[in-house]
Protein chains: 2
Amino acid sequence: MKRKAVVILGATGSIGESALKVARDIPERMEIVGLAANSNAEKLAAAANKVRPEALCLVDETKVDILRKALEYKPRIFSGEIGLCEIACLTNADMVLIAIVGTGGLRPALAAIEAGKDLAVASKEILVMAGEIVMREARDNGVHVLPVDSEHNAIFQCLEGKRSTSSAESSKLNERWTLDVSDVRRILLTASGGPFRELASDKFDSITPEQALKHPTWNMGPKITIDSATLFNKGLEMIEAHWLFGVEMKRVEVVIHPQSIVHSMVEFADGSTLAQLSYSDMCFPIQYAVTWPNRVPNTLPPLDFSKLPKLEFFTPRYDDFPALNLARRAGETGGTLPAVMNAANEVAVAAFLDRQASFPRIWEIVEEVMNRHGSVAHPDLDAILQADQWARGEAQRSLKSLKR
Amino acid sequence: MKRKAVVILGATGSIGESALKVARDIPERMEIVGLAANSNAEKLAAAANKVRPEALCLVDETKVDILRKALEYKPRIFSGEIGLCEIACLTNADMVLIAIVGTGGLRPALAAIEAGKDLAVASKEILVMAGEIVMREARDNGVHVLPVDSEHNAIFQCLEGKRSTSSAESSKLNERWTLDVSDVRRILLTASGGPFRELASDKFDSITPEQALKHPTWNMGPKITIDSATLFNKGLEMIEAHWLFGVEMKRVEVVIHPQSIVHSMVEFADGSTLAQLSYSDMCFPIQYAVTWPNRVPNTLPPLDFSKLPKLEFFTPRYDDFPALNLARRAGETGGTLPAVMNAANEVAVAAFLDRQASFPRIWEIVEEVMNRHGSVAHPDLDAILQADQWARGEAQRSLKSLKR
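Procedures and definitions
Residues numbered from 1 in each chain as written. Chains lettered and ligands numbered in written order. Predicted model: local features only at pLDDT ≥ 70, side-chain atom pairs only at ≥ 80, totals over all residues. Heavy atoms only, no water. Helix = DSSP H or I, 4+ residues; strand = E, 2+ residues; numbered from the N terminus. Buried < 20%, exposed > 50% of the residue type's maximum accessible area, 1.4 Å probe, protein only. Contact = heavy atoms within 4.5 Å. Pairing = 2+ DSSP bridges. Axes fitted to C-alpha atoms, helices over the stretch in contact; angles between N-to-C directions. Buried area = accessible area lost by both parts, 1.4 Å probe. Salt bridge = Lys/Arg side-chain N within 4 Å of Asp/Glu carboxyl O. Polar contact = N/O pair within 3.5 Å; in protein donor to acceptor, adjacent residues only side chain to side chain. Least-squares fit on C-alpha atoms with pLDDT ≥ 70 in both. pLDDT = per-residue confidence, 0-100. Disulfide = S-S within 2.5 Å. Phe/Tyr/Trp six-rings, centres within 6.5 Å; stacked < 30°, edge-to-face > 60°. Lys NZ or Arg CZ within 6 Å of the ring centre and 35° of its normal. Right-handed = clockwise from strand over helix to strand, strands pointing away.

1. Quick look at the environment of A:Gln276
- Tracing the chain through its elements places A:Gln276 in strand E13 (residues 273-277).
- A:Gln276 gets classed as buried once you look at its relative accessible area, which sits at 2%.
- A:Gln276 sits ten residues away from A:Val266 along the chain, and the two C-alpha atoms are 9.2 Å apart.
- In this structure A:Gln276 touches A:Ala154, A:Gln157, A:Cys158, A:Ile261, A:Val262, A:His263, A:Ser264, B:Ser272, B:Thr273 and B:Leu274, once residues within four positions along its chain are discounted.

Structural data, given as structure tokens:
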């Protein structure tokens, strides 16, 4: 088993921190060769001084001097958006972990693929906005796209037996793996259900940002925590799963599971279901993506069945939480609509956190913007980013038209 | 995908009935070419008249005339113990399903392996008594041993990604599959816990056969239902798993799961766990064994997550239910000791059902007989069957020595 050389884009975020922890835990299997961050020069320098990767990147060019001064060694330093693409193509790298929030990871992801690097994807936007392009490019360049989201990683584990290797279609020497999902009846994404899982829908109007930010099981950033409460997070994951596993949207479903022990499931054609279970720690999926198709020992605690809570499963309240149906529509329509849904949701969530919109208004704004969009089929990256910008403007317009 | 030609040994028992149901459900994938039963000539004839297999076998030679008269067509008819071995070697058969209770399935299983037939194993005795021989013969003859027990089938499904094919070591044309369990940390067999899961141990003395025969989730024969209550069933399964998956006994553990939805789990080296879930219906594992490595649609209901009970997991009460530790000892010692444990348990269970022994006396008798046994290492089939006979006599002796 080879030691994998990994570049982390988004090294100072929570996924980046977990990835650094995994590298410390399994040093014989994972080596950090590059670290990139947006603007936190001090934190990037601190991480770099510990693991000494050969290259760093700071998107915010005005802070490169701070970074340089804080470093105890002399790595190559890239900067700006273009620097992200450069470090993603580092000669010595085998894999690039994309853990950048928002659209910023798209171009570096495609650059990494073209350079023949395997991709570990933690940013939802990559596949939600550009799933068709990313998966096509990965196939054409003979590289693997490995999921780091706990849900998709769980599904990937449940499908472990369904891989078939074929000769590489590119110049890469190693065989490329493809999934055979002909036996899969349903992908079952589990969702904690968020803090309002049991709240009556007539109470939704009075939900405050403070209430919405209390997530029962995972500790995440504010945007994704609100997405967990609206279920837009799960909606985005439905579209991700559709592209990642090549499964039609109609076969991607959501199961509410408040304990977050089962991270997702696959139901097969014969009515049998496989599930992946572990405690909620991003180190599990990150390590799996890095060491796949092998598994290696680590210091993470396995499940203690003497203390496990009762595991509950429910069907989602589709009518009360419209995000899932909106996402299904966006995924089924495809083209630029998923990017539009994602962008409108970002604006709406920011407005809710800023007390400019009520909680249920998030769903309404997204739906309004989606209704106004004429989706472009098989868009290129520019068309996708253009739709993203258009949707942000439209969402602002929706916000202003009716303050609630 | 090839249509599989299957011989069912034990066609009139509950596993046999389920296998016939599977064959009706997926006729394009499964064909019955042979049916064998012990003595129920009428039931065997009725089943045969429906599916018209080319060969039948009735172990009880005195009832062959009844069988012949009840048949509406003219199949080859074998009889006696030797007939079981003959029908297991039927030229047209691809796979033999061993669903005979007790030691009767051992010789036919080995005959089938030598004839190059894949084995689907539903009889615990095959692997508990002769796991070393059966797995060695299977390897040498290039055939697969597929588990039909719901637990082992679940584990097999969780290990789907861990198979590596290698060129056949025998004359068989198709590649033989082997499991790579180097990534497996623990095999986690789930157990319903039986009706006395929560009963205080000082109440065990007063347990009646009627109470013990009420199994919470599966509807089975009396012997196996008592084994579920004592946990000897799970103990036998621990030894089965050890041989089937080539995993040391110390890595085979038991988790109590009263709802019987999770049929077993595998914990991997990285702390992640895979589980297989379905309703409790033997058709699931039987079909999987037949269609493996593929899965095909059927009429079995998948899990309905809107109605699923809460799933609970507990560690077993090892001290109160000594069967698990006795089985661990038997499996670790190996040789003839597992056969001795199995035989002593059969006698003790019969005595309990006959009100000749108390419920906890079952454990005591088994332990007494095991303590008196000098295990023979790497025994041949005769040595195993001899140890089985010896243990039955010793168990009777224990019974008589102290009536409780």
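So that's the structure; there's more coming.
2. Observations concerning the sheet that holds strand E4 (residues 76-79) of chain A
All names here are of chain A.
- Ordered by their spatial adjacency, seven strands build an open sheet running E4-E3-E2-E1-E5-E6-E7, and the pairing between neighbours is parallel. Each edge of the open sheet is held by one strand with a lone partner, namely E4 and strand E7 (145-147). When strand polarity is set aside, the average angle formed by the axes of neighbouring strands in this sheet is 25°.
- Pairing analysis gives six bridges linking strand E1 (residues 4-9) to strand E2 (residues 30-37), with the strands arranged parallel. Across the sheet, Val6 pairs through a bridge with Ile32, a residue of E2.

3. A short note on helix H9 (residues 222-230) of chain B
Residues and elements named next belong to chain B.
- Buried within H9 we find Thr225, Ile226, Asp227, Ser228, Ala229 and Thr230.
- Looking at the buried side of H9, the elements it contacts are helix H8 (209-212), helix H10 (232-245), helix H12 (323-333), helix H13 (337-353) and helix H14 (359-372).
- Immediately beyond the C-terminal end of H9, within one or two residues, lies Leu231, with a positive phi of roughly 75°.

4. Brief notes about the interface of chain B and chain A
- Listed by partner, the interface residues are 46 residues for chain B and 46 residues for chain A.
- If you sort the residues of chain B by the area they bury against chain A, B:Asp270, B:Arg295 and B:Phe305 come out on top, with a joint share of 22%.
- Residue B:Arg295 is joined to A:Asp270 by a salt bridge in which the shortest nitrogen-to-oxygen separation is 3.0 Å.
- Our count for the chain B to chain A interface comes out at 15 residue pairs in polar contact (both at pLDDT 80 or more).

5. A short note on the relation of the copies chain B and chain A
- Mapping chain B onto chain A leaves a residual RMSD of 0.0 Å; the transformation is a rotation of 180° accompanied by 0.0 Å of translation along its axis. Viewed as a symmetry operation, the transformation between the two copies matches a two-fold axis. Residue B:Gly161, judged by its C-alpha, is the member of chain B lying nearest the rotation axis, at 1.8 Å.
- When the interface residues of chain B are mapped onto chain A, 100% of them are again interface residues, pointing to one common binding face.

6. Overview of the confidence of the model for chain A
All names here are of chain A.
- For chain A, the average pLDDT comes to 94, and 95% of its residues sit at 70 or higher.
- Residue range residues 166-174 is modelled with pLDDT below 50. Its contacts to residues more than four positions away, or to other chains, number 14 contacts.
- For this predicted complex, the interface confidence comes out at an ipTM of 0.94, alongside a pTM of 0.95.

7. Things to note about unusual backbone geometry
- Between A:Trp292 and the following residue, A:Pro293, the backbone shows a cis peptide bond with an omega angle of 5°.
- Within the element layout of this structure, A:Pro293 appears in the loop between helix H11 (283-291) and helix H12 (323-333).
- Backbone geometry at A:Arg52 places phi at a positive 50°, although glycine is not the residue there.
- Topologically, A:Arg52 is positioned in the loop between helix H2 (41-51) and strand E3 (55-58).
- Taking the relative accessible area as the measure of exposure, A:Arg52 reaches 41% and is therefore partly exposed.
- With phi around 45°, B:His378 is a residue other than glycine that occupies positive phi space.
- Following the sequence through the fold, B:His378 ends up in the loop between H14 and helix H15 (381-401).

8. Observations regarding the state of the cysteines
Residues and elements named next belong to chain B.
- Evaluation of the coordinates by the stated rule reveals zero disulfides over all chains.
- Counting only cysteine sulfurs, Cys85 is the nearest neighbor of Cys57, a cysteine outside any disulfide, at a range of 9.0 Å.
- Cys85 provides the cysteine sulfur closest to Cys89, a residue in no disulfide bond, and the two sulfurs are 6.8 Å apart.

9. Focus on the pattern of salt bridges
- Taken as a whole, this structure holds 59 salt bridges over all chains when the rule is applied.
- B:Lys234 serves as the salt-bridge partner of B:Glu237, at 2.8 Å between the closest nitrogen and oxygen. Residue B:Glu237 and its partner B:Lys234 are located together in helix H10, separated by three residues, close to a single helical turn. The residues B:Glu237 and B:Lys234 share a single accessibility class, namely buried.
- Through salt bridges with shared partners, a single ionic network connects A:Lys124, A:Asp149, A:Glu151, A:Lys234 and A:Glu237.

10. Concerning the packing of aromatic side chains
- One pass over the full model with this rule turns up 20 aromatic pairs over all chains.
- Taken together through their ring pairs, the aromatic side chains of A:Phe196, A:Phe204, A:Phe321, A:Phe352, A:Phe359 and A:Trp363 make up a single cluster.
- A:Arg295 extends its terminal NZ or CZ atom over the ring of B:Phe268, reaching a point 4.0 Å from the ring centre.

11. Side note on the sheet that holds strand E13 (residues 273-277) of chain B
- Within the open sheet, the eight strands sit side by side as E11(A)-E10(A)-E12(A)-E13(A)-E13(B)-E12(B)-E10(B)-E11(B). Their pairing is mixed. In this open sheet, the two strands that pair with only one neighbour each are strand E11 (252-256) of chain A together with strand E11 (252-256) of chain B. This sheet shows a mean twist of 25° between the axes of neighbouring strands, independent of strand direction.
- When strand E10 (residues 184-191) of chain B meets strand E12 (residues 262-268) of chain B, the two strands line up antiparallel, connected through four bridges. Across the sheet, the residue bridging to B:Arg186 is B:Glu267, located in E12(B).

12. Focus on the pairing of E3(A)
Residues and elements named next belong to chain A.
- Going residue by residue along E3, you find Ala55 and Cys57 tucked away on one face and Leu56 and Leu58 tucked away on the opposite face as well.
- Bridge count for E2 against E3 is four bridges, and the pairing is parallel. Residue pairing in the sheet places Ala37 in a bridge with Leu58 of E3.
- The parallel pair E2 and E3, bridged by H2, forms a crossover whose chirality is right-handed.
- As judged from the four bridges shared by E3 and E4, these two strands associate in the parallel manner. Following the sheet pairing, Ala55 is matched in E4 by Arg76.
- Between the parallel pair E3 and E4, the chain is carried across by helix H3 (residues 64-70), and the sense of this crossover is right-handed.

13. So, helix H7 (residues 150-158) of chain A
- Most of H7(A) sits inside the fold, with nine of its nine residues counted as buried.
- A:Ser150, A:Glu151, A:His152, A:Asn153, A:Ala154, A:Ile155, A:Phe156, A:Gln157 and A:Cys158 are the residues of H7(A) that are buried.

14. Topic: the pairing of strand E5 (residues 95-98) of chain A
All names here are of chain A.
- Because side chains alternate across E5, one face comprises the buried residues Met95 and Leu97, and the other comprises Val96 and Ile98, equally buried.
- Direction of pairing for E1 relative to E5: parallel, over a ladder of four bridges. In the sheet register, Val6 faces E5, and the bridge partner there is Met95.
- Between the parallel pair E5 and strand E6 (residues 118-121), the chain is carried across by helix H5 (residues 106-114), and the sense of this crossover is right-handed.

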